[in-house]
Amino acid sequence: GAGVSQSPSNKVTEKGKDVELRCDPISGHTALYWYRQSLGQGLEFLIYFQGNSAPDKSGLPSDRFSAERTGGSVSTLTIQRTQQEDSAVYLCASSAKDRAGDGYTFGSGTRLTVV
Amino acid sequence: GQNIDQPTEMTATEGAIVQINCTYQTSGFNGLFWYQQHAGEAPTFLSYNVLDGLEEKGRFSSFLSRSKGYSYLLLKELQMKDSASYLCAVSGASGGSYIPTFGRGTSLIVHP
């Protein structure tokens, strides 16, 4: 697609429920990143996918968080047994390998609210 | 790991020039980025520096000194629409990859 697409744009869920957030990167972008941004805070790195390589999961805050990327394209971030501190905007970004000068293109994010 | 520092907030007058500084410490370096983020919106890419020196793009310029771990974003002829958060990000080594780490952002308020 023309840009990075994320869905849903907003999600309200009850504490303890599982949620799935979706990211569809720019076609041809092999690198995909998930970040989260809490109110007034910077972007916190969660996970990074590059092509078919094993993902870098070093930013995942707990084992309740997991992500997969199917066919090197669409990615899903899953949060199990959500907690109130998971409330944040979850941003996905993609980039083309070896095109660092083009920067990373972000989606509009999913605003997750855990009540 | 990476550590990035930038001022929390700055104010400036419409038509003026403002410089937003960013200092960083990183293991491995593969470039420094500046992003603009308006409230409630996604960050948008402004600039990329990987070599020392100044990169100019219209009203926006970005400078890098790798030896000092220092960068600045210069905004000229400020407009009201430039009121936003400006994020400094460094692509540093994480395992075998380069992953961008973002600073907390500098909230710029442009007043008439």
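As a reminder, the structure under discussion sits directly above these lines.
The text that follows walks through the structure, step by step, so that each part is easy to find. (Residues numbered from 1 in each chain as written. Chains lettered and ligands numbered in written order. Predicted model: local features only at pLDDT ≥ 70, side-chain atom pairs only at ≥ 80, totals over all residues. Heavy atoms only, no water.)

**Examining the overall build of chain B**
Okay, so step 1: When you go through chain B residue by residue, the secondary structure sums to zero helices and 11 strands.
Okay, so step 2: Written out in order from the N terminus, the α and β elements of chain B read β-β-β-β-β-β-β-β-β-β-β.
Okay, so step 3: Relative to the globule expectation of 13 Å for 112 residues, the C-alpha radius of gyration of chain B, 14 Å, shows essentially globular dimensions.
Okay, so step 4: Viewed in the frame of its principal axes, chain B has a C-alpha envelope of about 45 × 30 × 20 Å.
Okay, so step 5: Out of the 112 residues in chain B, the part that is buried amounts to 47%. (Helix = DSSP H or I, 4+ residues; strand = E, 2+ residues; numbered from the N terminus. Rg over C-alpha atoms; globule rule 2.2 N^0.38 Å. Buried < 20%, exposed > 50% of the residue type's maximum accessible area, 1.4 Å probe, protein only.)

**Some remarks on the interface of chain A and chain B**
When the parts come together, some accessible area is lost, and that loss is often what is quoted as the size of the interface.
Okay, so step 1: In this complex, chain A contributes 19 residues to the contact, which on the side of chain B involves 17 residues.
Okay, so step 2: For the chain A and chain B pair, buried surface summed over both sides reaches about 1,500 Å², with 58% attributable to carbon and sulfur atoms.
Okay, so step 3: On the chain A side of the interface with chain B, the three residues burying the most area are A:Leu43, A:Tyr104 and A:Phe106, jointly 33% of the side's total.
Okay, so step 4: Summed over the shared surface of chain A and chain B, the number is zero salt bridges.
Okay, so step 5: Where chain A touches chain B, the interface holds four residue pairs in polar contact (both at pLDDT 80 or more).
Okay, so step 6: Considering only residue class, the side of chain A that touches chain B consists of nine nonpolar, eight polar and two charged. (Contact = heavy atoms within 4.5 Å. Buried area = accessible area lost by both parts, 1.4 Å probe. Salt bridge = Lys/Arg side-chain N within 4 Å of Asp/Glu carboxyl O. Polar contact = N/O pair within 3.5 Å; in protein donor to acceptor, adjacent residues only side chain to side chain. Nonpolar A, V, L, I, M, F, W, Y, C, P; charged D, E, K, R; others polar.)

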